[in-house]
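# Topology and contacts: notes
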Amino acid sequence: MPLFITGWKYAEEKHFNGIVVFLWSIIAFFVPIILSTADLAYLRRTGGFFRIRLSRDDFKLFYLPAWKRMAIWFLSTVFSVLLLKLMGLNL
């Protein structure tokens, strides 16, 4: 997350272009979140993100573990940003 914030500031300061900031947010924020929180093996077995039919097992086999990983990601992001601010790095 600190790398994402630094890249965002750099794109705003050097390029003055909303498209560059938008592309940076997709590359550095959304792609890592999807890759780190989604269980890709489960998605491959069941047909991918965009399948229409949902099963009863999806909630406990996919959604709950993904939410747990997302909570861990969020907490680590908050702690790393706060720690870097305490160390004096201006984010």
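Residues numbered from 1 in each chain as written. Predicted model: local features only at pLDDT ≥ 70, side-chain atom pairs only at ≥ 80, totals over all residues. Heavy atoms only, no water.

### Details of the confidence of the model for the protein chain
Taken over all residues, the pLDDT of the protein chain has a mean of 77, while the share at 70 or more is 91%. For the protein chain, helix H3 (residues 40–46) is the element with the lowest average pLDDT, namely 73, and helix H4 (residues 57–86) is the one with the highest, namely 82. (pLDDT = per-residue confidence, 0-100. Helix = DSSP H or I, 4+ residues; strand = E, 2+ residues; numbered from the N terminus.)

### Observations concerning helix H1 (residues 2–15)
Look at H1: 20 Å from first C-alpha to last across 14 residues, which is about the 20 Å you get at 1.5 Å a residue. Inspection of H1 places Pro-2, Phe-4, Gly-7 and Ala-11 among the buried residues, and these make up the whole buried set. The inward-facing, buried residues of H1 contact helix H2 (18–37) and H4. Phi turns positive, to about 50°, at Phe-16, one or two residues after H1. (Expected span 1.5 Å × (residues − 1). Buried < 20%, exposed > 50% of the residue type's maximum accessible area, 1.4 Å probe, protein only. Contact = heavy atoms within 4.5 Å.)

### Describing the environment of Phe-4
Here Phe-4 shows up in helix H1. On the accessibility criterion, Phe-4 (13% relative accessible area) is buried. Taking the C-alpha atoms as reference points, Phe-4 and Ala-66, 62 residues apart in sequence, are found 21 Å from one another. The residues contacting Phe-4, other than those within four sequence positions of it, are Trp-24, Ser-25, Ala-28 and Phe-29.

### Details of the packing of H2 against H4
Two numbers describe a pair of packed helices, the interaxial angle and the distance between the axes. For the pair H2 and H4, the least separation of the axes is 9 Å and the interaxial angle reads 130°. Compared by their axis directions, H2 and H4 come out oblique. Our pair here, H2 against H4, has a crossing hand that is right-handed. Contact with H2, carried on its side by Phe-29, Ile-33, Ser-36 and Thr-37, involves Ala-66, Arg-69, Met-70 and Trp-73 of H4 and no other residues of that element. For the contact of H2 with H4, the residue count by class is five nonpolar, two polar and one charged. (Axes fitted to C-alpha atoms, helices over the stretch in contact; angles between N-to-C directions. Parallel < 35°, antiparallel > 145°, perpendicular 65-115°, else oblique. Left-handed = near helix turned anticlockwise from the far one by under 90°. Nonpolar A, V, L, I, M, F, W, Y, C, P; charged D, E, K, R; others polar.)

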